[in-house]
Amino acid sequence: MNKFLLLIGFFSSIVAHAQLSQTIRGRVVDKESRYPLFGATVQVIDASIGSLTDTLGAYRIPNVPVGRRTVRITLVGYKDVLLNNIIVDAGRETILDVELEENIQQLNVVTVKAQRTGEARNDMAVVSARQFSVDEADRYAGSRGEPARMASNFAGVQGADDSRNDIVIRGNSPQGVLWRLEGVSIPNPNHFAIAGTSGGPVSIINNRYLANSDFFTGAFPAEFGNTVAGVFDLRLRNGNNERHEKTVQFGFLGTEAMLEGPLSRKSGASYMVSYRYANLGLFNKIGLDIGTQAVPSYQDGFFRLNFPLKKSGSSIAIWALGGTSTVDILISQQKADDRNIFGQNDRDQYYTSRMGVAGLTYTRPINKQTFWKTTLAVSGNVQDANHDYLFLQKDGAGNPIVQNSRFVVDSLRPILDYRFQEIRYTLSSFVNHKTGPRSTLKFGLNTDVVHFTAFDSVRTFEPPTSTRFTPWQTRWNANEVFALLQPYASYRTRLTDNLTLTAGLNALILTLNTKSTSPLEPRVGLSYELPNRQKLSVAVGLHSQMQPTYTYFYQTPNLSSSAYPPPMVEENRNVGLTKSWHYVAGYNRLLGRNMRLLLETYYQRLFNVPVERMQSSFSMLNTGAAFTRIFPGPLVNAGVGRNYGIELTLEKFFSDNYYFLITSSLFDAKYQGSDGVWRNTDFNGKYAFNALFAKEIPFRRSSLSLGAKFTATGGRWYGPVDEEASRRNQEIVFASATRNTLQFAPYRRFDIKIDYKINRKRLTHTIAVDLVNVLGIKNLLSLSYAPQPDGTFIKQEYQLGFLPVFYYRVNF
């Protein structure tokens, strides 16, 4: 800590004394039609300067003093907008694009809408929706600048796994989370991703190229299909089209650089490009525990080119992002007592994953009432793995020989080889039409054409205690093409000045089989504004989701055959969609100018859930949050589940140089397998609590931010281990009849974040350290398969301990 303070002092000493300033500029458009608004007044209230928008809706305010500023936008016939805590740094211009909502009240009534964190951009959502910003992702202690880790602080959401950023929303599997970017669904945007999951250890997405985006936890608007748990609806920002700007960052999680600027100042075309490379060997060299002695490496990149067109407000953008990651977990080279929470402990494992998406987006305000947006994209993801089983030299008593704290290896033999690849060609197109000052109609189509290839070959021991392998068995051998179609329509109307109705329909058609069609999914929401800045909201919707692609083509042994080994047959191709009814009610109240209280209660009824045909406790509701795939028997859509709970959010928006966020949830998540027994889902922690606080101390040209976070959640569920099945499969298998009758201890974590920012002329330095799990609390993660000399194989794996994440960033 002393070294950190000395570093702060060094940078403070180089700061000059003149007043620093920067430019605020952007565009003002109609919220529904995106049509540019001429003559809007944009004022920086606390600097007493401002500007008017031109015919393209553009404005510019130079010489704005650095720091946090308040901006007010006004235009006759529209609701005034008040933007608090706009950050102005010397190192880069502040680009502020604003959408104004038409005022349906009388012209002599002035309505001020304060845009604060918590109000979703999507007007079709009346409950369980929240907007988040880049500032939030950076501000929250322990979030590491990632959208998913940031979202785990919201009510109804829990992470509780230090090694991954999967999120559990209202007790649902993380597998049910949908990621969208510029309107198109994208593969799991995380490094070291596993098929059938939505999270991973490190996000590929860099929050610095995101615009303000939305996060949904239930009763989604009709445009969101193929999800039953939650939605990240991410938007990309454009690069600066007037000035070249650079960002360079060095930290424990990687070295990265970002460039942006004009391609043509005359046309307004811009570019933005970023790259990050990371080799986590630095953690091992300084003795920090990252859960394995292996050295994971990854890199990712992004670019966006934006070309404004002559037609008012129209543009074409070409964009892409992607990443690749590799880790070789070599148990044969590790010490006998080394930790390994990312793989199995009886083999060397080589793993590579890749993800990428590229798109072309066309946006056009057709007129003052209508807006059209279309995106064409291609995306893909690959997982490639090889495992070599570890045979150890043993002494006369049959115990493994250990020399220099390491097992002596006799031989390594191949035991697993697989490669999955999924390519998607996507079209997303919608029209937003303002039918009047009170009503808006939105309709569109999301279409995916999927090409999936997979090969997986494995062998095991037979019998489990011998050293003789079974013949190789092919569990996947697929080369398939199918389509996913999702038309939708939404309608929003202000029935009165205080009562708003939203209604919509979504359809989901999967051509893979005849059972995966959901022709009519209704969504309805109602919100009523009460006196004293209160609001009541209710919503209901039917939602459905296809299964992870690889599960349709899994081949299981044909046990009715007399051949040895039995032939493999594909039995899950005709599995249908998982479906869920969402019912949500909410109460929102503003407490003063800068604080709000939000209460929500919900009930979710899940049905058509895939479970095993033979009686067992297996359910797809328990999958999607691990570094392993699933290998069920033949599946049928006969399972059910239910989630219900109540959530509280107390939030003070950033004002007077501090903010806090307190969220708590009480919930229950149960399911029923094919054996008809109601059980806790793996994710039924029963409760979740988060408390965040941050204080900013401003100086003349710098600021010091101190933040803290405390998290407490209930532990995940498990059961007694089936030892025979575990030895046969060389991994932990829980006894089916007693599944989820035991619970891990509650999860606790305390994080601290320190951030120091220094502004010089056209230059901003940021030095930050995120002290994750600063108290070093040992939280139980899982049980792993780790054969020991005494014949036991069950090992308790713990979460990461204390992890300091440092970075230095400069914007210029």
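Residues numbered from 1 in each chain as written. Predicted model: local features only at pLDDT ≥ 70, side-chain atom pairs only at ≥ 80, totals over all residues. Heavy atoms only, no water.

### Remarks on the overall build of the protein
No. 1: Check the secondary structure of the protein and you find 5 helices and 49 strands.
No. 2: Here the C-alpha atoms of the protein give a radius of gyration of 27 Å, agreeing with the 28 Å that 2.2 N^0.38 yields for 812 residues.
No. 3: With respect to the three principal axes, the spread of C-alpha positions in the protein is 90 × 65 × 45 Å.
No. 4: Every one of the 812 residues in the protein was classed for burial, and the buried ones make up 58%.
No. 5: When the accessible surface of the protein is totalled, it reaches about 32200 Å², and 57% of it is carbon and sulfur.
No. 6: When the 88 positive and 68 negative side-chain charges of the protein are each reduced to one mean point, those points stand 6 Å apart. (Helix = DSSP H or I, 4+ residues; strand = E, 2+ residues; numbered from the N terminus. Rg over C-alpha atoms; globule rule 2.2 N^0.38 Å. Buried < 20%, exposed > 50% of the residue type's maximum accessible area, 1.4 Å probe, protein only. Areas by Shrake-Rupley, 256 points an atom, 1.4 Å probe, with all protein chains shown as cover. Lys, Arg positive; Asp, Glu negative; His and termini not counted. Charge placed at Lys NZ, Arg CZ, Asp CG, Glu CD.)

### Here we look at the pairing of strand E49 (residues 803-811)
No. 1: For E49, the tally of buried residues reaches 7 of 9 residues, placing the bulk of the element in the interior.
No. 2: Here strand E46 (residues 763-772) runs beside E49; their pairing, made up of 9 bridges, is antiparallel. By the bridge assignment for E49, Ile767 is matched with Tyr808. (Pairing = 2+ DSSP bridges.)

### Observations regarding unusual backbone geometry
No. 1: In this structure, Ala219 takes a positive phi of about 45 degrees despite not being glycine.
No. 2: Along the chain, the position of Ala219 falls in the loop between strand E17 (210-216) and strand E18 (230-236).
No. 3: With relative accessibility at 10%, the residue Ala219 sits in the buried group.
No. 4: Look at Asn740: it is not a glycine, yet its phi comes out positive at around 55 degrees.
No. 5: You can see Asn740 is positioned in the loop between helix H5 (723-729) and strand E44 (742-743).
No. 6: By relative accessible area, which is 4% here, Asn740 ends up buried.

### Concerning a nonpolar patch on the surface
No. 1: On the surface, Leu259, Leu263, Val273, Phe303, Phe307, Ile318, Leu360, Leu376, Leu427 and Leu445 cluster together to form a nonpolar patch covering roughly 750 Å² of accessible area.
No. 2: Those elements that place two or more of their residues in the nonpolar patch are strand E20 (254-264) and strand E22 (297-308).
No. 3: Its location among the elements puts Val273 in strand E21 (residues 269-279). (Patch = residues over 30% accessible without salt bridge, like charges linked within 9 Å, V, L, I, M, F, W, Y side chains within 5 Å. Salt bridge = Lys/Arg side-chain N within 4 Å of Asp/Glu carboxyl O.)

### Concerning the pattern of salt bridges
No. 1: On inspection of all chains with the given rule, the structure shows 49 salt bridges.
No. 2: Two residues, Asp675 and Arg679, come together in a salt bridge whose shortest N-O distance is 2.9 Å.
No. 3: Classification of Arg679 by relative accessible area gives buried; the value is 6%.
No. 4: Within the structure, one salt-bridge network assembled from shared partners comprises Arg25, Arg60, Glu93 and Glu242.

### Thoughts on the sheet that holds E17
No. 1: One open sheet holds the 5 strands; their spatial order is E10-E17-E18-E13-E14, and the pairing between them is mixed. Edge strands, defined here as strands with exactly one partner in the open sheet, are strand E10 (129-132) and strand E14 (184-185).
No. 2: Relative to E18, strand E13 (residues 177-181) is paired through 5 bridges, and the arrangement is parallel. Paired with Leu178 across the strands is Val231, a residue of E18.

### Here's the deal with the packing of aromatic side chains
No. 1: Going through the model one piece at a time under the given rule, you end up with 31 aromatic pairs.
No. 2: Centre to centre, the rings of Tyr209 and Phe302 are 3.8 Å apart; their planes meet at 10 degrees, and the pair counts as stacked. Highlighted residues: Tyr209 in the loop between strand E16 (202-203) and E17 and Phe302 in strand E22, separated in sequence by 93 residues. Assigned by exposure class, Tyr209 and Phe302 land together as buried.
No. 3: Between the aromatic rings of Phe215 and Phe232, the centroid separation amounts to 4.6 Å while the plane-to-plane angle is 35 degrees, which identifies the pairing as tilted. Of this pair, Phe215 sits in strand E17 while Phe232 sits in strand E18, placing them 17 residues apart in sequence. As far as the burial class goes, Phe215 and Phe232 line up, both buried.
No. 4: The ring of Tyr418 is capped by Arg629, whose NZ or CZ atom sits 3.6 Å from the centre of that ring.
No. 5: Across the ring face of Tyr798, the terminal group of Lys778 is positioned such that the distance to the ring centre comes to 4.6 Å. (Phe/Tyr/Trp six-rings, centres within 6.5 Å; stacked < 30°, edge-to-face > 60°. Lys NZ or Arg CZ within 6 Å of the ring centre and 35° of its normal.)

### Digging into the environment of Arg700
No. 1: Here Arg700 lies in the loop between strand E41 (687-698) and strand E42 (702-713).
No. 2: Note: C-alpha distance between Arg700 and Gly200 (500 residues apart in sequence) is 41 Å.

### Points about the nonpolar core
No. 1: In this structure, Phe420, Leu510 and Phe553 are the most contacted members of the largest nonpolar core, which totals 48 residues.
No. 2: Excluding residues within four positions of it along the chain, Phe553 makes contact with Phe452, Arg475, Trp476, Ala478, Glu480, Phe482, Leu512, Glu570 and Arg573.
No. 3: Within the second largest apolar cluster, 37 residues are counted, among which are Ala151, Met272, Trp319 and Val357. (Core = buried A, V, L, I, M, F, W, Y, C linked by side-chain atoms within 4.5 Å. Contact = heavy atoms within 4.5 Å.)

### Digging into the side chain of Gln486
No. 1: Here Gln486 is to be found in strand E30 (residues 473-494).
No. 2: Not counting residues within four places of it along the chain, the set of residues in contact with Gln486 comprises Gly225, Asn226, Gly444, Leu445, Asn446, Asp448, Ala507 and Leu508.

### Quick word on the pairing of strand E5 (residues 67-74)
A regular strand places its side chains on the two faces of the sheet in alternate fashion.
No. 1: Counting buried positions along E5 yields 6 of 8 residues, so the element is predominantly enclosed.
No. 2: As paired elements, E5 and strand E6 (residues 80-88) share 6 bridges and run antiparallel to each other. Counted as the bridge partner of Gly67 is Val88 from E6.
No. 3: Connecting E5 to the antiparallel partner E6 that follows it, the hairpin turn spans 5 residues, and Gly77 within it adopts a positive phi of roughly 90 degrees.

### Overview of the environment of Phe461
No. 1: Considering the arrangement of structural elements, one finds Phe461 in the loop between strand E29 (439-458) and E30.
No. 2: Residue Phe461 is classed as buried on the basis of its relative accessible area, which comes to 4%.
No. 3: Taking the C-alpha atoms as reference points, Phe461 and Ser133, separated by 328 residues in sequence, lie 52 Å from one another.

### Re the side chain of Asn811
No. 1: By secondary structure assignment, the location of Asn811 is in strand E49.
No. 2: In this structure Asn811 comes out as buried when scored by relative accessible area, which is 8%.
No. 3: In this structure the side chain of Asn811 is engaged in a polar contact, spanning 2.7 Å, whose partner is the side chain of Thr247.
No. 4: Not counting residues up to four positions away in its chain, the partners in contact with Asn811 are Gly91, Arg92, Lys246, Thr247, Arg762, Leu763 and Thr764. (Polar contact = N/O pair within 3.5 Å; in protein donor to acceptor, adjacent residues only side chain to side chain.)

### What to know about the confidence of the model for the protein
One rule of thumb: low pLDDT means the predicted coordinates there are not for detailed reading.
No. 1: The pLDDT averaged across the protein works out to 89; a share of 93% of its residues lies at or above 70.
No. 2: Note that pLDDT drops below 50 for residues 106-114; the model gives that stretch 18 contacts with residues more than four away or on any other chain. (pLDDT = per-residue confidence, 0-100.)

### A short note on the environment of Arg304
No. 1: As for its placement among the helices and strands, Arg304 is situated in strand E22.
No. 2: Spatially, the C-alpha atoms of Arg304 and Leu621 are 37 Å apart, while their sequence positions differ by 317 residues.
No. 3: Residues contacting Arg304, with those up to four places away along its chain left out, are Glu182, Leu236, Arg237, Asn238, Ser270, Tyr271, Met272, Ala317, Ile318 and Trp319.
No. 4: A distance of 3.4 Å separates a polar side-chain atom of Arg304 from the backbone oxygen of Arg237.

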